[in-house]
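Examination of the molecular architecture
Chain by chain, the residues:
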Protein chains: 2
Amino acid sequence: MTIAPKQLANAVRALAMDAVQAANSGHPGMPMGMADVATVLFTRYLKFDPKAPKWADRDRFVLSAGHGSMLIYALLHLTGYNRPTMADLANFRQLGSPCAGHPENFELEGVEATTGPLGQGLAMAVGMAMAERHLNAQFGDDLVDHRTWVIAGDGCLMEGINHEAAGLAGHLKLGRMNVLWDDNQITIDGATSLSTSEDIAARYAAYGWHTVACDGHDPEDVARAIEEALADPRPSLIACRTIIGYGAPNKQGTSATHGAALGADEIKAARQVLEWTSEPFVLPDDVTAAWAAAGDRGAPLRAEWEARAAAHADGAEFARRMRGDLPEGFSLDKHLADLIAKPQKLATRKASEIALEAINADLPDTVGGSADLTGSNNTKTKAQKAFTSDDYAGRYVYYGIREFGMSAAMNGMALHGGVIPYGGTFLVFSDYCRPAIRLSALQQARVVYVMTHDSIGLGEDGPTHQPVEHLMSLRLMPNLDVYRPCDTIETAEAWALSLAKADGPSLLALTRQNLPQVRTDVSENLTARGAYRLRAATAERRVLLIATGSEVEIALATADLLEADGIGADVVSMPCWSRFDAQPQAYRDEVLPDLQPEQLLRVSIEAGSTMGWERYTMTRGLRFGVDGFGASGAIEALYEHFGLTAQAIAPKIQATLRELQEK
Amino acid sequence: MTIAPKQLANAVRALAMDAVQAANSGHPGMPMGMADVATVLFTRYLKFDPKAPKWADRDRFVLSAGHGSMLIYALLHLTGYNRPTMADLANFRQLGSPCAGHPENFELEGVEATTGPLGQGLAMAVGMAMAERHLNAQFGDDLVDHRTWVIAGDGCLMEGINHEAAGLAGHLKLGRMNVLWDDNQITIDGATSLSTSEDIAARYAAYGWHTVACDGHDPEDVARAIEEALADPRPSLIACRTIIGYGAPNKQGTSATHGAALGADEIKAARQVLEWTSEPFVLPDDVTAAWAAAGDRGAPLRAEWEARAAAHADGAEFARRMRGDLPEGFSLDKHLADLIAKPQKLATRKASEIALEAINADLPDTVGGSADLTGSNNTKTKAQKAFTSDDYAGRYVYYGIREFGMSAAMNGMALHGGVIPYGGTFLVFSDYCRPAIRLSALQQARVVYVMTHDSIGLGEDGPTHQPVEHLMSLRLMPNLDVYRPCDTIETAEAWALSLAKADGPSLLALTRQNLPQVRTDVSENLTARGAYRLRAATAERRVLLIATGSEVEIALATADLLEADGIGADVVSMPCWSRFDAQPQAYRDEVLPDLQPEQLLRVSIEAGSTMGWERYTMTRGLRFGVDGFGASGAIEALYEHFGLTAQAIAPKIQATLRELQEK
């Protein structure tokens, strides 16, 4: 006996309303509204195998409207993934359940991306589709030949990032990407007509997308639209007209179903309407079997693929890429040795470029790019060709003026696997990228952010372009390693560490201005320590100068002035706070001895917020930085204006030492 | 003799290329490309009076492509503004010059908004156009009847925020807004075709905009397009096809003119092409006179307006609104007295709502809104009607799922003057708003951000929705006051302070969960102090607990446990760091006595990043918070999981006290 699609979809609806009711928290409206569409996708089109969730050539499915998490949890359960179990579903949104409020890639296989912050799922899917085409171009159809599917809501399509993502996807002709838009005409505040009047399909057509509409509650009409999308070479937006909360007779079609449990009475009424007689978290055997059969569709395809991969000349390399391992023997040791052999005074953005020359030559995994600041971010190496719709094998993406879209696309690439994305903009515009950087960190995605022009040192562009609070605010983000290297060596070390960190993002804050090469020894990657004594005091040690990036040079000059006055001063370079904090206590005490200012005055120098530096200087130490907005001017004038010169700092340290003595 | 428009435009070109050359820094390409368009606008259409730059009914002009700052500096100088002088222009981009790298509203009258971070100028202009229609609806055509003009570049139109802004403008039918798009087909990286293929006009049409194209170097064609835009009731996008760097014979039409000085040779060649014989920073008298005459166009209109305003029944009230003064006698004292009389246990988001009921009733200036979280942010008061295209007098904006667009629009409203905008979203989505919050602060714009669901306390929505690093990262932003009130009283106090701060933004971080009312006295606005002793130790004081918002309740409970054990504990509520840091040293020492942990152990409790709290706890103090990502679960389970309960905290404090004694 065949089970009608509607009945399969009703299983999703029942699980969604029952789980939300059990949690008394969550969003039943979207899963109930999109159950028919998702059922068509998962039972007829999506290429996947729940028994091999990491199958490299599976289709990627992203629930961009992540608040409808019960939709994907129900689908994963029904199609036969190991988790979530029915008990997990019953435990929806409770501490410890893999069925978190919003879908989390680190909790469940089959959840390809962590979603909930609206619009980003769609933008990450663009990155996945880019990675797919890139790997296809490199490895061929036998190994890489899959699609990227998205369910997006009105919220996703109102967020600015969807403009950046869709514009990029249209430009790159990512025809294997299909977005199923839950066109339910409802947002949290009420009808979409409260806040928008746009013709979304026309807008997507303007981006070069194919668009098609369907009745989201008529499975055959959904299938017709999907077939049309599959046949079209452009990315497709499929407008699925649905009723939010479909099946809940008194609440459907209203925002009342969006973000709260329906209540016992309404659920009872919905069961009648849907002709669904099973108890909560119980499924009829025939429905269970039909869903399991749908989940089994992919197994033969996967077996065929595995056979092809095993026989493929590039199978091992492809497997390495997808595992995320770096190539055996990959290192920057030769590059570092070259730097030591021939010291250079370079901007760290330029130091990053020469590191990338070494990296990109030996690491085929990297895909670079910039949000229209290629020449300023120094992100493109000579041999890199552009990633274009004519040449997906290219390893450099001209992202355009789309910082947020770039960052989210990089997340998608990293999540897809097989590539290591890096991309650049100015550090001040990390604010534009910030929601995506947070998702890189939360999702444990290996993305390298190349953020140049990292302080007032960028000069004349002025306060709109001068980061002040950004370094510190990024250090606050869990699982993000923020590097601010001081020279060519630290820059290369930071790159090596960033590439090696497979479970999270790194951010390089790099200068516009030239910096001397201060490191003379590369026997150890000292940046890995987070901080280290760059130069020990010569005279009796009274001062400990801690600096990062471009201010290390100033710290050294300050130490010179102090030493000339008989005051011994250590200089500590601290390129990465999070790494230093992770060092053993003994190492941290060695670098920052546990002494009060009367014995050893700690001083920080960094051209940014001083707030936070109390952690290392102690409150009674001194902090030199920039706590207000910057200004427009020549770099030398600015450093003088903000008191960030050895000539300005040394006397203040001396005065404090005198005060401490007089106490 | 009439001066040809081209000659007037060439004055702009000459000043732009000469100033950039003098600075050896800047962007000549855009001013040279858009000089003809801007000349048509400023000599024929823009309503303004350089002798009265703050004339309330002037047209607003926003240079969204702010890197082309020399365009507006030249125009302001040529039309007769007091500043910039020719010396200022010659000092372009130097420290102390009002001609900063990017246009800054706080440096020059006539610069309506600080621009440079792309897309935001256009989005702020939407807010200006909203404020204009709102004030028009309230005060009538006699007082308010002006337009909003924007020059935007390809970058502005690629940034995601332009989608949010244009969608909102189309929905609200802001027909008095006209965007002149510098359609030069060039970005920094090269041809726009490197990164985009979209049909921008079709996209704007999809938003409900009127679109028209013109030859940006043919003044009459530009005028034709502008006339068409003026005649159309919809907002207009005028695509001005231009050549970037127009006039520089060897570099025009390429990205080489975008962001660097042209060089002496090319400038010489450009002078020949443009038939411009004057020396740098010298203008022919007839050109000067013609520009001055253009600048004088508005004076009679302004005089007529002033006469109307003087005679208008609402003239004084309108003037008050535009000055930004609060109404005489406005205060929240009665509301505070009511709260004291009848204490309530409320979520601070709800406390904010009841404060807003009092505010909105007495303060006609406020225009509220939410990015589609009205019922969650509690931003709408009962009497507020929606601001719609049918009723611009409404005082509540349904911004849709456009957090960034909302924030930028609020900046535009505040810059326009006459309204005090506030708007809500979840605190975690402050990341989406962050670039605009920074511009609120830099521009000294009175915007009140209502950010609810301010910690793991939001519960089941999980880590994507739980702010962790956000509070601290926002505190880092210069000129932003971040409030995290602990009860109904502090919430009302924070509102009073936010409204009174005319020269910058405030941000209220508010809870989802209920909090007890802990304050019993409102004789002083203690929130104005930033921090204060909420409860003094009873037993001998050994501990000082510092907490904010929802953790004040936990601090009080912790103090109870300690006191029961004979350990005296002060409890300090610290709703606003920046305000506390601005207090006199004596006050700060009174609240946080200058004692080492052996005498007084300082402890912070805040459900967010602990990094930064060393400032107040000292490094040897204790910090309780959340340094990793949150989790999905019920609030009680989460607070227990993260160790943020009195039962978990008190024993740790006691253990530390024992260690300190044993030392």
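All of the points below concern the structure found in this document. (Residues numbered from 1 in each chain as written. Chains lettered and ligands numbered in written order. Predicted model: local features only at pLDDT ≥ 70, side-chain atom pairs only at ≥ 80, totals over all residues. Heavy atoms only, no water.)

Quick notes on the overall build of chain A
Defined as follows: Secondary structure elements are taken from DSSP: a helix is a run of H or I of four residues or more, a strand is a run of E of two residues or more, and numbering for both begins at the N terminus. Atoms counted for the radius of gyration: C-alpha only. Globule rule: 2.2 Å times the number of residues to the power 0.38. With a 1.4 Å probe rolled over the protein chains alone, any residue whose accessible area is under 20% of its type maximum counts as buried; one over 50% counts as exposed, and the rest are partly exposed. Whether two residues are in contact is decided by their heavy atoms: any pair within 4.5 Å suffices. To measure how exposed things are, a 1.4 Å probe is used in the Shrake-Rupley method; for residues, cover is taken only from the protein chains shown. Positive charges are assigned to Lys and Arg, negative charges to Asp and Glu, while His and the chain termini are left out of the count. Where a charge lies is defined by one atom per residue type, namely NZ (Lys), CZ (Arg), CG (Asp) and CD (Glu).
From N to C terminus, chain A includes 26 helices and 20 strands. Taken against the 2.2 N^0.38 rule, which gives 26 Å for 663 residues, the C-alpha radius of gyration of chain A at 28 Å falls within 12% of a compact globule. Expressed along its principal axes, the backbone C-alpha trace of chain A runs to roughly 90 × 55 × 45 Å. Across the 663 residues in chain A, those meeting the buried criterion constitute 69%. Here the contacts in chain A between residues at least 6 apart in sequence split such that 78% fall between residues at least 24 apart. Working note: accessible area of chain A is about 20,100 Å², and carbon and sulfur atoms make up 50% of it. Separation of charge centres in chain A, based on 59 positive and 83 negative side chains, amounts to 2 Å.

A look at the side chain of N411 of chain B
All names here are of chain B. Structurally, N411 is set in helix α17 (residues 403-416). Taking the relative accessible area as the measure of exposure, N411 reaches 0% and is therefore buried. Contacts of N411, omitting those with residues within four sequence positions, involve M124, A436, L439, S440, Q443, A445, V447 and Y449.

Quick notes on the sheet that holds strand β13 (residues 481-483) of chain A
Residues and elements named next belong to chain A. The condition that has to hold: Whether two strands pair depends on DSSP finding at least two bridges between them. For helices, the fitted axis covers only the stretch in contact; all axes are lines through C-alpha atoms, and the angles between them, taken along N-to-C directions, range from 0 to 180 degrees.
The strand order β10-β9-β11-β12-β14-β13 describes an open sheet built from six strands, whose pairing is parallel. Two strands lie at the open edges of the sheet, namely β10 (396-398) and β13, each paired on one side alone. The mean inter-strand angle of the sheet, taken between neighbouring strand axes irrespective of direction, is 20 degrees. Both strand β9 (residues 366-370) and β10 contribute to a ladder of three bridges, which runs parallel.

Things to note about the packing of helix α1 (residues 5-23) of chain A against helix α2 (residues 29-45) of chain A
Residues and elements named next belong to chain A. What counts here: Each angle gets one of four labels, with under 35 degrees taken as roughly parallel, over 145 as roughly antiparallel, 65 to 115 as roughly perpendicular, and the rest as oblique. Whether a crossing is left-handed or right-handed is set by the direction in which the near helix is turned from the far one by less than a right angle, anticlockwise for left-handed and clockwise for right-handed. Polar here means any residue outside two lists: the nonpolar Ala, Val, Leu, Ile, Met, Phe, Trp, Tyr, Cys and Pro, and the charged Asp, Glu, Lys and Arg; Gly therefore counts as polar.
The contact between α1 and α2 brings their axes to 8 Å, and the two run at 130 degrees. It follows from the interaxial angle that α1 and α2 lie oblique. Of the two possible hands of crossing, α1 and α2 adopt the one that is right-handed. Mapping the contact onto sequence places P5, K6, L8, A9, V12, R13, A16 and M17 in α1 and P31, M32, G33, A35, D36, T39 and T43 in α2. Considering only residue class, the contact of α1 with α2 consists of nine nonpolar, three polar and three charged.

Things to note about helix α20 (residues 488-500) of chain B
Residue and element names in this part refer to chain B. Heads up, the condition is: One less than the residue count of a helix, multiplied by 1.5 Å, gives the span that helix is expected to have. Identification of polar contacts relies on pairs of N or O atoms within 3.5 Å, with a donor-acceptor requirement for protein atoms, meaning one able to donate a hydrogen and the other able to accept it, and with residues adjacent in sequence counted only if both atoms are side-chain atoms.
Between its terminal C-alpha atoms α20 stretches 19 Å, which fits the 18 Å expected from 13 residues at 1.5 Å a residue. Extensive coverage of α20 is indicated by the burial of eleven of its 13 residues. All buried positions along α20 are accounted for by T488, I489, E490, T491, A492, E493, A494, W495, L497, S498 and L499. For α20, the N-terminal cap is D487; the gap from its side-chain oxygen to the backbone nitrogen of I489 is 3.0 Å.

Focus: the environment of A569 of chain A
Residues and elements named next belong to chain A. In this fold, A569 is placed in strand β18 (residues 568-573). Residue A569 is classed as buried on the basis of its relative accessible area of 0%. Taking the C-alpha atoms as reference points, A569 and L600, 31 residues apart in sequence, are found 9.1 Å from one another. Ignoring sequence-local partners within four residues, the contact set of A569 consists of R535, A536, A537, V543, L545, A559, L562 and E563.

Overview of the sheet that holds strand β16 (residues 532-535) of chain A
All names here are of chain A. Reading across the sheet, the five strands line up as β16-β18-β17-β19-β20 and stay open at both edges, with mixed pairing between neighbours. Two strands lie at the open edges of the sheet, namely β16 and β20 (622-624), each paired on one side alone. For this sheet the average axis-to-axis angle between neighbouring strands, irrespective of direction, equals 30 degrees. Of the strand pairs in this sheet, strand β17 (residues 541-547) and strand β19 (residues 601-605) are connected by five bridges, and their pairing is parallel. Residue pairing across strands places L545 opposite V603, the latter belonging to β19.

Such coordinate-based values are descriptive only and should not be taken to indicate function.
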